Amino acid sequence: MIKGEGEKTLKELLFCLENKGNPSLILGLAFKEGHKTVLTSPRPVMRNLDELPLPAWDLVDVDAYRRIWIAHHGYFSLNLATTRGCPFKCNWCAKPIYGNRYNSRSPGHVIREIELLLKNYEPDHFWMCR
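Being a predicted model, the structure only gives us computed values, none of them experimental. (Residues numbered from 1 in each chain as written. Predicted model: local features only at pLDDT ≥ 70, side-chain atom pairs only at ≥ 80, totals over all residues. Heavy atoms only, no water.)

1. Observations concerning the pattern of salt bridges
Side-chain pairing between opposite charges can occur once the charged atoms of the two side chains come close. Operational definition: Salt-bridge detection follows one rule: a side-chain nitrogen of Lys or Arg within 4 Å of a carboxyl oxygen of Asp or Glu. Going along the chain from the N terminus, every DSSP run of H or I of four or more residues is numbered as a helix, and every run of E of two or more is numbered as a strand. Classification of residues uses two cut-offs on accessible area relative to the type maximum, computed with a 1.4 Å probe and protein chains only: under 20% is buried, over 50% is exposed, and between them is partly exposed.
Counted according to the given criterion, the structure contains five salt bridges. Two residues, Glu-5 and Arg-84, come together in a salt bridge whose shortest N-O distance is 2.9 Å. In this pair, Glu-5 sits in the segment before helix 1 (7-18) while Arg-84 sits in strand 4 (residues 83-85), placing the two residues 79 residues apart along the sequence. Among the salt bridges present, the one from Lys-8 reaches Glu-51, with a minimum N-O distance of 3.1 Å. Highlighted residues: Lys-8 in helix 1 and Glu-51 in the loop between strand 2 (36-39) and helix 2 (62-73), separated in sequence by 43 residues. In this structure Lys-8 comes out as partly exposed when scored by relative accessible area, which is 38%. A cluster of three or more residues bridged by salt bridges with shared partners is formed by Glu-5, Glu-7 and Arg-84.

In structure tokens:
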């Protein structure tokens, strides 16, 4: 199991498994080794979200999503995540992953994704979560 943010941990785990490495050296994992549970040290929180590539929208069946969205709402909307975390103190949501921090993608990074979506999928609307 990957604990916390998963992008770097998953990438390292896949590389480790391909190369028959030692997963106990990878930060942010929990797994069974025989009857023993192994918990590796937590991975530091990613602060610069622009390090992440744009989402792999080409792997999504956008045409099916468009048909369903239009049938239910009358227009086509796509969503974008521009931040991680939350500055508020509620005790639900993604607090176990992100804690009480709030990090944003840069405007340029968000604009690149919007341009990609407009060019390739022509949405009528964007729903942006922060």
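2. Concerning unusual backbone geometry
Unlike most non-glycine residues, Lys-20 shows phi in positive territory, near 50°. Within the fold, Lys-20 resides in the loop between helix 1 and strand 1 (30-33). In this structure, Glu-122 takes a positive phi of about 50° despite not being glycine. Here Glu-122 lies in the loop between helix 4 (107-121) and strand 6 (125-129).

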